[in-house]
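Take a look at the letters that make up each chain.
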Protein chains: 2
Amino acid sequence: MTDTTLSHDALNGIVMQIFQGAGLSPQNAAALARVIVAGEGDACKSHGIYRIEGCLRTIKAGKVVPDAVPQMHQDDSAIVRVNAGGGFSNAAFDAGAPVLAERCRTTGIAAMVINDCTHFAALWPEIETLTDMGLAAMAMCPSYASVAPSGGTDPLMGTNPFAFGWPRAEGDPYVFDFATSVAARGEIELHRRAGTPLPEGWAIAPDGRPTTDPKAALAGAMLPFGGHKGSAISTMIELLAGVMIGDLTSPEARDALGSLTLAPAHGELIIAFDPEKFAAGRPGDPFARAETLFAAITAQGARLPSQRRFKARAETRAKGIP
Amino acid sequence: MTDTTLSHDALNGIVMQIFQGAGLSPQNAAALARVIVAGEGDACKSHGIYRIEGCLRTIKAGKVVPDAVPQMHQDDSAIVRVNAGGGFSNAAFDAGAPVLAERCRTTGIAAMVINDCTHFAALWPEIETLTDMGLAAMAMCPSYASVAPSGGTDPLMGTNPFAFGWPRAEGDPYVFDFATSVAARGEIELHRRAGTPLPEGWAIAPDGRPTTDPKAALAGAMLPFGGHKGSAISTMIELLAGVMIGDLTSPEARDALGSLTLAPAHGELIIAFDPEKFAAGRPGDPFARAETLFAAITAQGARLPSQRRFKARAETRAKGIP
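Residues numbered from 1 in each chain as written. Chains lettered and ligands numbered in written order. Predicted model: local features only at pLDDT ≥ 70, side-chain atom pairs only at ≥ 80, totals over all residues. Heavy atoms only, no water.

Trainee: What is the right way to read the overall build of chain A from this model?
Mentor: Each helix and strand counted, chain A has twelve helices and ten strands in total. For 322 residues, the compact-globule estimate of 2.2 N^0.38 gives 20 Å, and chain A sits close to it at 20 Å. Taken along its principal axes, the extent of the C-alpha atoms in chain A is 55 × 50 × 45 Å. Looking at chain A as a whole, 61% of its 322 residues qualify as buried. (Helix = DSSP H or I, 4+ residues; strand = E, 2+ residues; numbered from the N terminus. Rg over C-alpha atoms; globule rule 2.2 N^0.38 Å. Buried < 20%, exposed > 50% of the residue type's maximum accessible area, 1.4 Å probe, protein only.)

Trainee: Explain the relation of the copies chain B and chain A here, please?
Mentor: Here the second copy of the chain follows from the first by a rotation about an axis and a shift along it. The transformation that overlays chain B on chain A combines an axial shift of 0.0 Å with a rotation of 180°, and the residual RMSD is 0.0 Å. Such values leave the two copies arranged in the relation of a two-fold axis. Identified as the residue of chain B closest to the rotation axis by C-alpha distance is Gly226(B), at 2.0 Å. Comparing contact sets, 99% of the residues at the interface of chain B also lie at the interface in chain A, consistent with an isologous, same-surface contact. (Least-squares fit on C-alpha atoms with pLDDT ≥ 70 in both. Contact = heavy atoms within 4.5 Å.)

Trainee: Just to check I follow, could you spell out the sheet that holds strand E1 (residues 71-74) of chain B for this structure?
Mentor: In sheet architecture, strand pairing relies on hydrogen bonds along the backbone and comes in two forms, parallel and antiparallel. Taken together, the seven strands give an open sheet; going across it, the order is E1-E2-E3-E10-E4-E5-E6 (chain B), and neighbouring strands pair in mixed fashion. Edge positions in the sheet fall to E1 and strand E6 (174-179) of chain B, since each has one partner strand and no second. Going from strand to strand, the sheet's axes swing by 15° on average, the running direction of each strand aside. Here helix H8 (residues 227-243) of chain A sits on the sheet and contacts strand E4 (136-140), strand E5 (161-166), E6 and strand E10 (265-273) of chain B; the angle it forms with E6(B), its principal contact strand, is near 135°. Across the sheet, helix H5 (residues 124-131) of chain B is in contact with E4, E5, E6 and E10 of chain B; its angle to E5(B) comes to roughly 20°. (Pairing = 2+ DSSP bridges. Axes fitted to C-alpha atoms, helices over the stretch in contact; angles between N-to-C directions.)

Trainee: So what exactly am I meant to see when it comes to the environment of Gly171(A) here?
Mentor: For Gly171(A), the location among the structural elements is in the loop between strand E5 (161-166) and strand E6 (174-179). Taking C-alpha positions, Gly171(A) is 26 Å from Arg103(A), a pair spaced 68 residues apart along the chain.

Trainee: Is there a simple way to explain the nonpolar core in this structure?
Mentor: Nonpolar side chains tend toward joint burial in soluble globular proteins. If you look at the biggest cluster of nonpolar residues, it comprises 150 residues, and the most contacted ones within it are Met236(A), Leu269(A), Met236(B) and Leu269(B). Aside from chain neighbours lying at most four places away, what touches Met236(A) is Met140(A), Phe162(A), Met138(B), Phe162(B), Phe164(B) and Phe176(B). (Core = buried A, V, L, I, M, F, W, Y, C linked by side-chain atoms within 4.5 Å.)

Trainee: Sorry, what's going on with the interface of chain B and chain A here?
Mentor: The figure often quoted for interface size is the accessible area lost as the parts come together. Between chain B and chain A, the residue contacts involve 76 residues of the former and 75 residues of the latter. Summed over both sides, the interface of chain B with chain A buries roughly 5800 Å², with 70% coming from carbon and sulfur. Where chain B meets chain A, there are six salt bridges. Counting residues per element, the side of chain B that touches chain A draws most heavily on helix H8 (residues 227-243) of chain B, which supplies eleven residues. Considering only residue class, the side of chain B that touches chain A consists of 46 nonpolar, 19 polar and eleven charged. (Buried area = accessible area lost by both parts, 1.4 Å probe. Salt bridge = Lys/Arg side-chain N within 4 Å of Asp/Glu carboxyl O. Nonpolar A, V, L, I, M, F, W, Y, C, P; charged D, E, K, R; others polar.)

Trainee: For this particular structure, what's the right way to read the state of the cysteines?
Mentor: Considering all chains together, one arrives at zero disulfides over all chains under this definition. No disulfide involves Cys44(A); its sulfur sits 14 Å from that of Cys55(A), the nearest cysteine. (Disulfide = S-S within 2.5 Å.)

Trainee: Got a minute to help me understand the pairing of strand E3 (residues 109-118) of chain B in this structure?
Mentor: Among the ten residues that make up E3(B), nine are buried, leaving the element largely enclosed by the rest of the structure. A crossover links strand E2 (residues 79-83) of chain B with its parallel partner E3(B), the connecting element being helix H4 (residues 89-107) of chain B, and its sense is right-handed. (Right-handed = clockwise from strand over helix to strand, strands pointing away.)

Trainee: Explain the packing of aromatic side chains to me, please; I cannot follow it from the model alone.
Mentor: The description of two aromatic rings rests on the distance between their centres and on the angle between their planes. All names here are of chain A. Tallying each qualifying case throughout the model produces 21 aromatic pairs over all chains. On the numbers, 5.2 Å between centres and 15° between planes, the contact of Phe-176 with Phe-178 is stacked. Neither Phe-176 nor Phe-178 differs from the other in exposure class; each is buried. When the ring centre of Trp-124 is taken as reference, the NZ or CZ atom of Arg-309 above it lies at 3.8 Å. (Phe/Tyr/Trp six-rings, centres within 6.5 Å; stacked < 30°, edge-to-face > 60°. Lys NZ or Arg CZ within 6 Å of the ring centre and 35° of its normal.)

Trainee: Mind showing me how you'd approach helix H12 (residues 307-319) of chain A here?
Mentor: Along an α-helix, a turn takes 3.6 residues, which lines up residues three or four apart on a common side. Residue and element names in this part refer to chain A. For H12, built from 13 residues, the straight-helix expectation of 18 Å at 1.5 Å per residue is met to within 8% by its first-to-last C-alpha distance of 18 Å. Buried within H12 are the following residues: Arg-309, Phe-310, Ala-312, Arg-313 and Thr-316. In an axial view of H12, the angular spread of the buried residues amounts to 160°, which keeps them on one side of the axis. Opposite the buried face of H12, by more than 90 degrees, sit the exposed residues Arg-308, Lys-311, Ala-314, Ala-318 and Lys-319. Packed against the buried residues of H12 are helix H1 (8-21), helix H2 (26-41), helix H5 (124-131) and E6. Gly-320 sits one or two residues past H12 and shows a positive phi near 90°. (Expected span 1.5 Å × (residues − 1). Arc of directions from axis to C-beta.)

Trainee: Would you mind showing me how to read the sheet that holds strand E4 (residues 136-140) of chain A here?
Mentor: Residue and element names in this part refer to chain A. The strand order across the open sheet formed by seven strands is E1-E2-E3-E10-E4-E5-E6, and the pairing between neighbours is mixed. Sheet topology places strand E1 (71-74) and E6 at the edges, where each strand pairs with a single neighbour. Ignoring strand direction, the axes of neighbouring strands in this sheet form an average angle of 15°. By the bridge criterion, eight bridges tie strand E3 (residues 109-118) to strand E10 (residues 265-273) in an arrangement that is antiparallel.

Trainee: Can you help me understand the packing of helix H3 (residues 50-60) of chain B against helix H6 (residues 185-194) of chain B in this one?
Mentor: Axes are the key here: two packed helices are described by the angle between their axes and the distance separating the axes. All names here are of chain B. The interhelical angle for the contact between H3 and H6, taken along N-to-C directions, is 105°, at an axis separation of 12 Å. One element, H3, and the other, H6, form an angle in the roughly perpendicular class. Where H3 abuts H6, its residues Tyr-50, Arg-51 and Glu-53 lie against Gly-186, Glu-189, Leu-190 and Arg-193. For the contact of H3 with H6, the class distribution of residues is two nonpolar, one polar and four charged. (Parallel < 35°, antiparallel > 145°, perpendicular 65-115°, else oblique.)

Trainee: When you look at helix H11 (residues 286-299) of chain B in this model, what are you seeing that I'm missing?
Mentor: Its 14 residues give H11(B) an end-to-end C-alpha distance of 20 Å, which sits within 8% of 20 Å, the value for a rise of 1.5 Å per residue. Residue Gly301(B) follows H11(B) closely and has a positive phi angle near 85°.

Trainee: It is not clear to me how the side chain of Thr180(B) should be interpreted in this structure. Could you clarify?
Mentor: All names here are of chain B. Note that Thr-180 resides in the loop between E6 and H6. Looking at Thr-180, the relative accessible area reads 1%, which means it is buried. At 2.8 Å, the side chain of Thr-180 and the backbone oxygen of Asn-160 are in polar contact. For Thr-180, the contacting residues outside a window of four places in its chain are Gly-158, Thr-159, Asn-160, Phe-162, Pro-224, Phe-225, Gly-230, Ile-233, Ser-234 and Ile-237. (Polar contact = N/O pair within 3.5 Å; in protein donor to acceptor, adjacent residues only side chain to side chain.)

Trainee: Is there a simple way to think about the pattern of salt bridges in this case?
Mentor: Opposite charge on two side chains permits them to pair, given that their charged atoms come into close proximity. Scanning all chains against the criterion turns up 26 salt bridges over all chains. In this structure, Arg57(B) engages Glu53(B) in a salt bridge whose closest nitrogen and oxygen atoms are separated by 3.2 Å. Residue Arg57(B) and its partner Glu53(B) are both found in helix H3; the two are separated by four residues, about one turn of the helix. Judged by its relative accessible area of 44%, Glu53(B) is partly exposed. Look at the salt bridges and you will find they share partners, linking Asp42(A), Glu128(A), Arg309(A) and Arg313(A) into a network.

Here it is in C-alpha cells:
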C-alpha cells in the first residue's frame, strides 16, 4: 500500500467517521459506509465516495432521519416488511435480509418491502448479500422524475434501477444492476463535471428535442433504455416498487423533495428465490446447469455483467483503493 | 358481420375443430384455440392463426403429447407447480391459474411453475387472466437458441419473452409482453415471407456481422434489445425460468428439438402479486394511484403498451375478425 491508496477497512473507517460527524447513528453510518466503500472498491465511481457529498446534503437538508431504527413487520405471508423510519435504506436492508432469506427457504419465493426510506446507493451490494446466502434475487426501486416515457417529452419516471443476481459456488456471483434509463443520472453528472458531451440518444432537452449537452439533459429529461421496452420495465418498477408497496412514485418523490440534488425518499422491493426449493424433484443441479450457461456465454467472447467491478474489487483488495 | 369476417366464437370453433382433427384432446384444443383467437382478435398477427401451422407441425412431428392432462402439485410453499405432461403449456396454465391466485391472496407473492410443456403462444393472454382476478403478474420463459448474447457471435439465448400486467378497475389492464430480442422471431419470419429487409440492428449473419436479410438473420442470430441490459434480462430468464425451475434452457431446447421450425419444449415461470396485500396498512389506494401514473404518461402524448391490441380487440368484437 502506497500513500495514495487505502485499504477497504481504512476507507470504511474514514467514511464512518464522516457520517457519524454529520450526525448519523452508528447503525446508519455503518450501513451507508459499507455500500460506499463497496462502490469505490469496485471502481464504480458513480456510486462510490462521489456520493458522500449528496448524502451529506440530504442529511443537512433534514430530508433523512439520522438516527432512524428500522422496524420489522412479519405476518404469515411471504412478505417481509421493514420500515426504515425515514432513514437511509441501507440499515433497513441489512436488518431485513436475514429474515427475508429465512422466509424464502420456507416459501421458495418471498418479498422484502422497504418503506419510508431515503435511497441513494447501487442495488448490487444488496443483491450480493442475498446471493452470498445461496439465493437468487431481484431488486428494484423508483427514483425521482427525470426520465421521459418512450414517446413522451417530460420527466416522469425515475432512472429506476433493476438488479438481479444468481449465486455461484465459486468466485463472484452473476449480478447485474442497471438504470432503466439509457444512462444513470450519476453518469450524466460526471459528464457535466468533466465538460464532455453525452453520447447520442441519452437525453432530450427541456423543449423535448434530442441533446448531447449534459446541462440541457439534466434540465430536460433522460430517455429509457431500449425504447418502449425499457420504458415499460421502468413503468413496472413504478407500479411494483412505488404504488403497490404504498410508497412514493418518482413524480411523487420529486414533488416531495422539491429538488433533484437530494437523495430521493421512497421504498424498495426485493424478491428472493430459493433455487434449491424451486428445482426440488426436477432433473439436474440448477447451480451446475447455470455454470454451463455462463461458460457458453463467455466461450463466444461475450462478457458476464459486473466483470469489470469484480476485477477492480480483486485489485483494490490486493493493492488498496486509489 | 360480412362474409369476410368471423366472430371470435366462430373462429374459436374452427380452430378447435382443426386441433381436434389433428388429434388434440378437447381440453388441449380449447386452451390452444383460446390464445390463438385472442391473438388474431387483437390483430397480433405473429401470434394469431399464423401459428396454427407451426402447432400442427409440432403435433405431427410427435413433439407434443396431444392428450396430456396437466398435473398440479402444491405444498406449503408459495410455489404452485403444474406439470404439463408434455402437452402444450396453455392447458397447464388454465388449470393452475385459479390455484396460483388463491395462494397469492394468502402469501402476497406466489409463483407458478409450468414444467414439461411445449410453448408457442404470447404471454399476454395468461397475464390478462391474472389481472382479471385483480392481481399483478410477471411471466417469462426461455425459447430456443436464436439470439446472441450482447458482445457474442452465436445463437445461445431464446427470444425469451417477458410480460407484466397490472389490473385496472375500468377498461383494459396495463399489460406489456415483449421479446427480449430486438424483434420476435415471428416478425422476422413475416419479413422473410413478405421479402422485405429487416430494420438495422435486429440481427447478425452466420459470420457474426450485422445483416438486414431475414434469411441470413434466421440462419445467424438475432440480437437482444437494449444492448447489454436486454442481454442481461434474457440471461435472467434462462436462469429463473429454465435452470431454476428444472426445465430446459434455450440451447438445451434447441438441442432437444433438433430444429427451429417446431414449437419449443421447456417450462415457464409466472409470478403473481396481490397489490391489496402489499399495500395493506400503507397510505393511498394502489389502484387509484396507478391511474394517476397512467394519466401522467398519456397526458404527455406517450402511449401505454398494448393499446393497439386493445383497439383491435374492441373492433373485432364489434365487427368480427377479418
